[in-house]
Each structure stands twice: as C-alpha cells, then as structure tokens.
Amino acid sequence: MKVYLDNAATTPLDPEVFEAMKPYMLEDFGNPSSTHAHGRKVRAAIESARKKIAELLNCTPGEIIFTSGGTEADNAIINGSVKTFGIKHAISSPIEHHAVEHTLNVLARQNSIELHYVNHNTNGHVDLEHLQSLLKQFPGSLVSLMHANNEIGNLLDLKQVGEMCAEVKSYLHSDAVQTMGHYVHDLRMMQVSSLAAGAHKFHGPKGVGFMYIRKDKKINPLVHGGAQERNMRGGTENTYGIIGLAKALEVAYRDMAIHEAQIKKLKQRMIDRLREQIPGVGFHGDSANVEGSLYTVLNVSLPESEENDMLLFNLDLQGISVSGGSACSSGANTGSHVLNALYPNSKRGAIRFSFSKYNTPEEIDFVVEKLASFFPVKV
Ligand SMILES: Cc1ncc(COP(=O)(O)O)c(C=O)c1O
C-alpha cells in the first residue's frame, strides 16, 4: 500500500481540473497579449478565470493578480508594500513560512525595515495583546501573519486582526496558501490588504498562484516587463495554469462542505488511533483541536526515542509519504524552524500528517499501525 499524507506540501491534480486545462495546452495556445483571434480567445479565458476567482472570494477581478505561486505572491507583496508606502516597520512572527520570513529578513538586513516579532502562547497562537501593543508602538507598519500555519495548523482570526490593523492604518498581509480552497474567504467582510495563494495546495497545478491586493492598497510590481496583469506582474501568463487554478478553486468551493466533513473525520480517527496505540503521544500546536485548527494538518509529537531521527525514512520504506516540517525538510528530519521556535529544547519526534479528499480511513489505520510499531508498548 502506498499512502500520501503530505498534502500540505502539495496535492495531486484533480482530473476535473486537468480536463479544463487540456484545451489550453493543445489547441488554444495563443499569447493572450496578441490582438488576433488566437490571442483574444486565451485573453477571454484568463479574464473569465479572474472573474470566477473574484466571485468566489467576494472581491473585484482587478484585485486578483496571477503569479507563479505563493512564494512569488509573498515576495511581491512584502517588497511592494514596503517600497510603495514607504513602510519602515514590519510586524511578523518567527513561525511564518520562509517565503515570508526570509523576504522580511532580507529587507531588514538591507535596513529597509525594522522587523518586530509578535509573541506566541504555548499552543503557538499569536499573542493578540502583544500584537496590539506592537501595533500601537509602530502604527502604519506592515503586518505579515499567516492565515494558517503550514506545520502546526494553527488558524489566525483574520477578521479580528484586520480590525486591529485598520485602527492604526497598518497594512495587513496574510499568507493564505494553506487555507485557500479549504475555507471560504469573504474578502468584503475582512479588512485584509493582501493575500497570497498557490493552486497546488488545493488540487490545482504547480507553478501558479495569485495575490489578492485590495484596490486601495495597490503596490508597485516585483516583476517588471510587459503590461500583463494590469502592469502588476510582467511576463506572458501561465495560461493553462491560470485556467487550472480557477477550476480548482471552483471545485474546492463547490465540494467544500463534503470534503471538510470527510477530512475532519479522518483527522479525528488518526488522533484517536494514535492515542490508543502510542502511549505518551501528543500533538504540536493546536492541531489536535479538530474544529479549531486547519483540518488538513495534524502535527504529531512522539515520545523521545532513538528511532525519531529515522522516522520519516522508515515510514518512506513502508510506502508512507509524510513530512517532518515544511516541504523543504521532507525526507530528512533536519528540524523545523516552527517547532524549534515553539519547543526549543524538545527531544520528542515530530511528524506532520496532512490530508486531502483522496485519503481513506483504511490508509489512516495502516499508517498508525506502522508508526506504532516503532513505539512498542513496554511490558
Ligand atoms: C504557508 C505557505 N506559504 C507559502 C508557500 C509557498 O507556496 P508555493 O509553493 O506556491 O510557492 C507554502 C508552500 O509550502 C506554504 O505552505
């Protein structure tokens, strides 16, 4: 049996999405910037993809800008907002994805910004009182806080943080790469300046994503070139990627309630089975809170053992693909900056299981059984 439980790293393409992309790979190959019929046809398809995404997120099509993925969206927004608005202070967290953390670090090293980190409570949630005091101290700053953490699954209340930021006229960017397609984002109900998203986390193609940038928060581009994307991102569009992205989001919204219920059941099953079969098992962050955390992620904390360094390798040998942290450390338990920040001296093992609509209860039972075999009950 081969089991894929690393869906926070990437998800398999939905065949329905592939079918929607196919014509744009074969017949409809025109350059959308060309004014002839071949180009116009593809231009129309891109604009209807943009409109579809805007409808789903309750924003306007002009607020959606296509990129090569979440990383580029984070880079473009962070660099662009700092330069466009002359921002001098940024407030973020040490447990952000590297796409945000490293981008902010570069700006801080160049003395473009001063970077301030918000504290977390013991479950890894942002300490909102501390955030409030930083916002008061540094009004007008760039605040970059992710909607859901990709390793521990903690969720941020974007509506509340948006209100806090709006009060002091700060620019709130949120990396929504892990929540897009898994939750409804109603952008008219939130005071968020920008979001980053990538299609491959919700059964869309790799190498394509988008940024939402509120119309009153327009920024200068990161990628200069042609006038594509309303002068916000130069370069010939990834046409079939964009078509696939819009289709994947449409399918995700259409089936969201069913898949959310199905995946939550799988996650609860895994928590229950792990508690039964591995004495001393725990869960990192808030990920065992099935209703209150990102339902696709479960980060398991395993008892101290000599086996821990080899866990990912040994599971891989059994046909089980999982991760120890974010995708960059998949396959090698090199330690995660998120877990190191939250549990600095822990010697416990860590495995991130992440689920999708394609997983089954049988797979969960198989994985727990294999994992439990590395932690025999002492008699
Ligand atoms: C929270 C988060 N942000 C950004 C990214 C990067 O997105 P992409 O792979 O689309 O560049 C990821 C992917 O692992 C992620 O989980």
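Our subject is the structure that appears above.
How each quantity is defined
Residues numbered from 1 in each chain as written. Predicted model: local features only at pLDDT ≥ 70, side-chain atom pairs only at ≥ 80, totals over all residues. Heavy atoms only, no water. Helix = DSSP H or I, 4+ residues; strand = E, 2+ residues; numbered from the N terminus. Rg over C-alpha atoms; globule rule 2.2 N^0.38 Å. Contact = heavy atoms within 4.5 Å. Expected span 1.5 Å × (residues − 1). Buried < 20%, exposed > 50% of the residue type's maximum accessible area, 1.4 Å probe, protein only. Arc of directions from axis to C-beta. Core = buried A, V, L, I, M, F, W, Y, C linked by side-chain atoms within 4.5 Å. Disulfide = S-S within 2.5 Å. Patch = residues over 30% accessible without salt bridge, like charges linked within 9 Å, V, L, I, M, F, W, Y side chains within 5 Å. Areas by Shrake-Rupley, 256 points an atom, 1.4 Å probe, with all protein chains shown as cover. Salt bridge = Lys/Arg side-chain N within 4 Å of Asp/Glu carboxyl O.

Okay, the overall build of the protein next. Counting its secondary structure elements, the protein contains twelve helices and twelve strands. Against the globule reference of 21 Å for 379 residues, the protein gives a C-alpha radius of gyration of 21 Å, in line with a compact fold. In terms of overall dimensions, the protein has C-alpha extents of about 75 × 55 × 35 Å along its principal axes. Long-range contacts, defined as pairs at least 24 residues apart, comprise 73% of the intrachain contacts of the protein with a sequence gap of at least 6.

Another point: helix H1 (residues 15-26). Helix length check: H1, at twelve residues, gives a terminal C-alpha distance of 17 Å against a target of 16 Å (1.5 Å per residue), a fit within 8%. Every buried residue of H1 is accounted for by Val-17, Met-21 and Tyr-24. The buried residues of H1 all sit within an arc of 45 degrees when viewed along its axis, so they share a single face. Facing away from the buried side of H1, by more than 90 degrees, are the exposed residues Pro-15 and Leu-26. Looking at the packing, one finds that the buried side of H1 touches helix H2 (37-57) and helix H8 (239-254).

In this structure, Leu-57, Leu-131, Met-270, Leu-274, Phe-353 and Leu-371 are the most contacted members of the largest nonpolar core, which totals 83 residues. Broken down by element, the residue count for this core peaks at seven residues, all from H2.

As used here, a disulfide is simply a covalent bond connecting the sulfur atoms of two cysteines. Scanning all chains against the criterion turns up zero disulfides. The structure places no disulfide on Cys-59, whose sulfur is separated from the nearest cysteine sulfur, that of Cys-165, by 19 Å. For Cys-165, a relative accessible area of 1% translates into the label buried.

Here Cys-59 shows up in the loop between H2 and strand E2 (64-67). Along the backbone, Cys-59 and Tyr-212 are 153 residues apart, and their C-alpha atoms lie at a distance of 8.6 Å.

Now for a nonpolar patch on the surface. A grouping of Leu-13, Phe-18, Met-25, Leu-26 and Tyr-240 is seen on the molecular surface, where their side chains present a nonpolar patch of about 440 Å² in accessible area. In terms of residue count, the dominant contributor to the nonpolar patch is H1 (three residues). Its location among the elements puts Phe-18 in helix H1. For Phe-18, a relative accessible area of 33% corresponds to the partly exposed category.

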